[in-house]
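Summary of structural features
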Amino acid sequence: MTIPRMHDVAAARYFRLRSFPVVGGVDAAADACRFISPPISGSMYSRRPQDFSDGLSGRGCEDVSAVGGHAASARAWDCNDPWATESRFRAPVVGPWGERAAATPPPAPAPAPPGTAGVAAPENAAGSSDQLNRFAGFGIGLASLFTENVLAHPCIVFRRQCQVNYHAKNYHLTPFTVVNIMYNFSKTQGLKGLWKGMGSTFIVQGVALGTEGVISEFARLPREVSHKWSPKQIVGHLVLKGLTCAVAMPFYSASLIETVQSEIIRDNPGIFDCVKEGVCRLVGMGVPHSKRLLPLGVLIFPTVLHGVLHYIISAIIQKLILFFLRRKASHQCPADASSSIQTVLDAYFPELFAAFVANLCADVLVYPLETVLHRLHIQGTRTIIDNTDHGYEVLPINTQYEGMKDCINVIKKEEGIFGFYKGFGAVLVQYTLHAAVLQITRIIYSTWLQNTT
């Protein structure tokens, strides 16, 4: 049997199309003429049909293989039939027989150099290190804030009660007597008696922060002092601190009363009673007080003086400690993993340590002034406090100071120099507890970082 050549078959199909009306017009006829190919010398080159019914007649495809001197196209099959376009789910044709490209497996990762097995990539290592640093800083800062504002609050309560108790025979200058009296308070009043007034202290801090922001915005006073400071900037910053203390003074006075008031005789105060009492104290309304109550004009100077002095002392000491710590750290070069872990911890602890020492020194230096300030604020408020000598009774506050100078003279005359330091042992207990929590947190994070790196 003689097999007809491809150009004969194409010619026959061309003449057959000529005998029928062309539906598509000139374009359809031109597409049909594409199947006429020049004579091919040699053997027959068959092609794989795209459709079993029509073969190559229903597709607008041309074979442009480089045989017999004809140039080869970039693709072996060039289809222009809109109904048979290449789908993105079908592999492109790569050969004259219609075979499609096999799926190429992804290249295997290059083998790690010897001795580097288990070493993370630099990007991954840097990302995990940043996450560890953020988590460590957040945890250390949270532990410090919790200790300073929550865990140490019983020491603040006892310290203020000792400062305003002019009847006390025991001054509690050491931490050993403080713990015993606080234990007696917990037995008679429960544990909530040690944390009384804690919500009002948070409110006072919030009022101070909000007031500082508003005054700084409207009065254009700097909230922070830059490295390139000037005397004008320093004065403006201290004026801002003084104005903040003056505005928050009525709320501070109400918070002080809630802190020292005995839990035995008082009702359960509300969360915002501090705000209500502060506003009533400011406008002269509310619960009637005795005639010994000092006006706010008399309390402004000692309140502002105490707040500004405490801030100046703590800020100067904190800057000095940070300067020496950073200077010492600049001469140390980490060379191993343990040194790198130490560097991560040292990125957060110097500031906490500097703030800890600065607040301790400021509290010690302004403690006599704080004692005078608290006695002036509590006078005439008909406040009843706990007996700080043994912790089982209550005592009224009946003082008759005429002002700051008179209060200093009376304390010095009747109670002596150590009368200004009543309850100082509670300060030692407070900062000892704070230092212990910071050290425990440091040890925990150091061990955790060693296990994760």
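Conventions we followed
Residues numbered from 1 in each chain as written. Predicted model: local features only at pLDDT ≥ 70, side-chain atom pairs only at ≥ 80, totals over all residues. Heavy atoms only, no water. Helix = DSSP H or I, 4+ residues; strand = E, 2+ residues; numbered from the N terminus. Buried < 20%, exposed > 50% of the residue type's maximum accessible area, 1.4 Å probe, protein only. Contact = heavy atoms within 4.5 Å. Areas by Shrake-Rupley, 256 points an atom, 1.4 Å probe, with all protein chains shown as cover. Expected span 1.5 Å × (residues − 1). Core = buried A, V, L, I, M, F, W, Y, C linked by side-chain atoms within 4.5 Å. Salt bridge = Lys/Arg side-chain N within 4 Å of Asp/Glu carboxyl O. Axes fitted to C-alpha atoms, helices over the stretch in contact; angles between N-to-C directions. Parallel < 35°, antiparallel > 145°, perpendicular 65-115°, else oblique. Nonpolar A, V, L, I, M, F, W, Y, C, P; charged D, E, K, R; others polar. pLDDT = per-residue confidence, 0-100. Patch = residues over 30% accessible without salt bridge, like charges linked within 9 Å, V, L, I, M, F, W, Y side chains within 5 Å.

Moving on, we get to the overall build of the chain. In terms of regular secondary structure, the chain is built from 14 helices and 4 strands. Burial statistics for the chain: of 453 residues in total, 36% are counted as buried. A separation of at least 24 residues holds for 74% of the contacts in the chain among residues at least 6 apart in sequence. For the chain, the exposed area adds up to about 27400 Å²; of that, 64% sits on carbon and sulfur atoms.

If you check helix α12 (residues 367-378), its first and last C-alpha atoms are 17 Å apart, about what 12 residues at 1.5 Å a residue would give, namely 16 Å. For α12, a buried count of 12 out of 12 residues is recorded, marking the element as mostly surrounded by other parts of the structure. Positive phi shows up at G380, right after α12, with a value of about 80 degrees.

What follows is about the nonpolar core. Where a protein is soluble and globular, its nonpolar side chains tend to be buried together. By size, the foremost hydrophobic cluster in this structure holds 14 residues, and its most contacted members are I313, I317, I321, V357 and V427. Elements represented by at least two residues in this core include exactly α9 (296-330), α11 (349-365) and α14 (424-452). Examining the composition of this core, we find that 5 residues originate from one element, α11, more than from any other. Not counting residues up to four positions away in its chain, the partners in contact with V427 are R159, L360 and Y367. In terms of nonpolar packing, the next biggest core, distinct from the first, is built from 12 residues, M249, L296, L369 and F420 among them.

This part is about the environment of L438. Locating L438 in the fold gives a position in helix α14. Between the C-alpha atom of L438 and that of S144, which follows or precedes it by 294 residues, the distance is 6.7 Å.

In total, this model carries 7 salt bridges according to the counting rule given. Its salt-bridge partner being E212, residue K241 comes within 3.0 Å of it at the nearest N-O pair. Placement of the pair is K241 in helix α7 (residues 231-260) and E212 in helix α6 (residues 198-219), with a sequence separation of 29 residues. Assessed through its relative accessible area of 8%, E212 is described here as buried. Of the charged contacts, one joins E415 and R375 as a salt bridge, the two residues approaching to 2.7 Å between their closest N and O atoms. Taken together, the residues span a long stretch of sequence, with E415 in the loop between α13 (404-414) and α14 and R375 in helix α12 at a distance of 40 residues. You'll find E415 and R375 in the same group, each marked buried. Among the charged side chains, a network of salt bridges with common partners joins E212, R223 and K241.

What follows concerns helix α4 (residues 153-164). Its 12 residues place the ends of α4 17 Å apart at the C-alpha level, agreeing with the 16 Å of an ideal helix rising 1.5 Å per residue. α4 sits mainly inside the fold: 12 of its 12 residues count as buried. Within the span of α4, buried status applies to H153, P154, C155, I156, V157, F158, R159, R160, Q161, C162, Q163 and V164.

The next point concerns the packing of α11 against α14. The contact between α11 and α14 brings their axes to 11 Å, and the two run at 175 degrees. What the angle tells us is that α11 and α14 run roughly antiparallel. In contact with F349, L352, F356, N359, L360, D363 and V364 of α11, α14 contributes F424, V427, Y431, H434, A435, L438, T441 and R442. Its residues assigned to classes, the contact of α11 with α14 shows 10 nonpolar, 3 polar and 2 charged.

Looking now at the confidence of the model for the chain. Looking at the chain as a whole, its pLDDT mean stands at 75, while 64% of the residues score no less than 70. The spread of mean pLDDT over the elements of the chain runs between helix α2 (residues 26-33), the lowest at 45, and α12, the highest at 96. Low pLDDT, under 50, characterises residues 9-47; the predicted model gives this stretch 30 contacts beyond four residues in sequence or across chains. For the stretch residues 51-78, pLDDT sits under 50, and the model shows 50 contacts to residues farther than four places along the chain or on other chains.

Right, let's talk about the side chain of S253 for a bit. Tracing the sequence through the fold places S253 in helix α7. Looking at S253, the relative accessible area reads 1%, which means it is buried. Contact partners of S253, with chain neighbours within four places excluded, come to R281 and H377.

A cluster of nonpolar side chains, I316, L320, F323 and F324, forms an exposed patch at the surface whose accessible area comes to about 420 Å². Position of I316 relative to the elements: it lies in helix α9. Overall, the relative accessible area of 49% leaves I316 in the partly exposed class.

Let us now look at unusual backbone geometry. Of note in the backbone geometry, R220 takes a positive phi value of approximately 60 degrees without being a glycine. By the element assignment, R220 lies in the loop between α6 and α7. On the basis of relative accessibility, which here comes to 69%, the residue R220 falls in the exposed class. In this structure, R382 takes a positive phi of about 55 degrees despite not being glycine. With respect to the helices and strands, the residue R382 is situated in the loop between α12 and β3 (384-386). Of the residues examined, R382 reaches a relative accessible area of 58% and is grouped as exposed.

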